[in-house]
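# Examining the three-dimensional arrangement
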Amino acid sequence: MSDLRQRVYDLAKARLLCWAYREVFGAPGAHTRAQRIVLADQARWCHARTTTLQADSHATASLEGRRQAWLRIQHFLAMPDEELTAQAQRLAQEEGGLQ
């Protein structure tokens, strides 16, 4: 796959993932009661606001894995549509237009 095609594919995948995460977890500021409950539970379980440092390095690594899951959810929920559109426009300009 050419570099341009790969970049277009990656951008389309990011847009799809943003949409899907928002369908499941809700758009920022527009969460249903159930979504708020699940997100609050995930924040606690993933140690979003507490340290993951433990005496046992394996326990620390496990908790860091949970935190990475939380950060991925938050990344897709927080990414503005305008940012994805701007990325697409920059890509089109860089390549002289998508053909």
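As a starting point, this report considers the structure included with it. As the structure is a prediction and not an experimental result, all values here were calculated from the model. (Residues numbered from 1 in each chain as written. Predicted model: local features only at pLDDT ≥ 70, side-chain atom pairs only at ≥ 80, totals over all residues. Heavy atoms only, no water.)

## Things to note about the overall build of the protein
Secondary structure assignment for the protein yields four helices and zero strands. In terms of overall size, the protein is more extended than a compact globule, its C-alpha atoms giving a radius of gyration of 18 Å where 99 residues would be expected to give roughly 13 Å. Structurally, the protein occupies a C-alpha span of about 55 × 35 × 15 Å along its principal axes. Of all intrachain contacts in the protein linking residues separated by at least 6 positions in sequence, the fraction that spans at least 24 positions is 59%. Of the accessible surface of the protein, which amounts to about 7100 Å², a share of 56% is contributed by carbon and sulfur atoms. A gap of 7 Å separates the mean positions of the 13 positive and 11 negative side-chain charges of the protein. (Helix = DSSP H or I, 4+ residues; strand = E, 2+ residues; numbered from the N terminus. Rg over C-alpha atoms; globule rule 2.2 N^0.38 Å. Contact = heavy atoms within 4.5 Å. Areas by Shrake-Rupley, 256 points an atom, 1.4 Å probe, with all protein chains shown as cover. Lys, Arg positive; Asp, Glu negative; His and termini not counted. Charge placed at Lys NZ, Arg CZ, Asp CG, Glu CD.)

## Points about the environment of Thr-52
Note that Thr-52 resides in the loop between α2 (33-45) and α3 (57-78). Taking the relative accessible area as the measure of exposure, Thr-52 reaches 6% and is therefore buried. The spacing of Thr-52 and Ser-2 is 50 residues in sequence and 41 Å in space, taken between C-alpha atoms. Within the structure, Thr-52 has its side chain in polar contact with the side chain of Glu-64 (distance 2.4 Å). (Buried < 20%, exposed > 50% of the residue type's maximum accessible area, 1.4 Å probe, protein only. Polar contact = N/O pair within 3.5 Å; in protein donor to acceptor, adjacent residues only side chain to side chain.)

## Here's the deal with the packing of aromatic side chains
Within the structure shown, the criterion is met by two aromatic pairs. Aromatic pair Tyr-21 and Phe-76: ring centres 4.8 Å apart, planes at 20 degrees, arrangement stacked. Separated by 55 residues along the polypeptide, Tyr-21 in helix α1 (residues 3-25) and Phe-76 in helix α3 bring together distant segments of the chain. Note on Tyr-21: relative accessible area 18%, which makes it buried. Three or more aromatic residues link up through ring pairs in this structure, and these residues are Tyr-21, Phe-25 and Phe-76. Residue placement shows Arg-66 over the ring face of Trp-45; its charged tip is 4.0 Å from the ring centre. (Phe/Tyr/Trp six-rings, centres within 6.5 Å; stacked < 30°, edge-to-face > 60°. Lys NZ or Arg CZ within 6 Å of the ring centre and 35° of its normal.)

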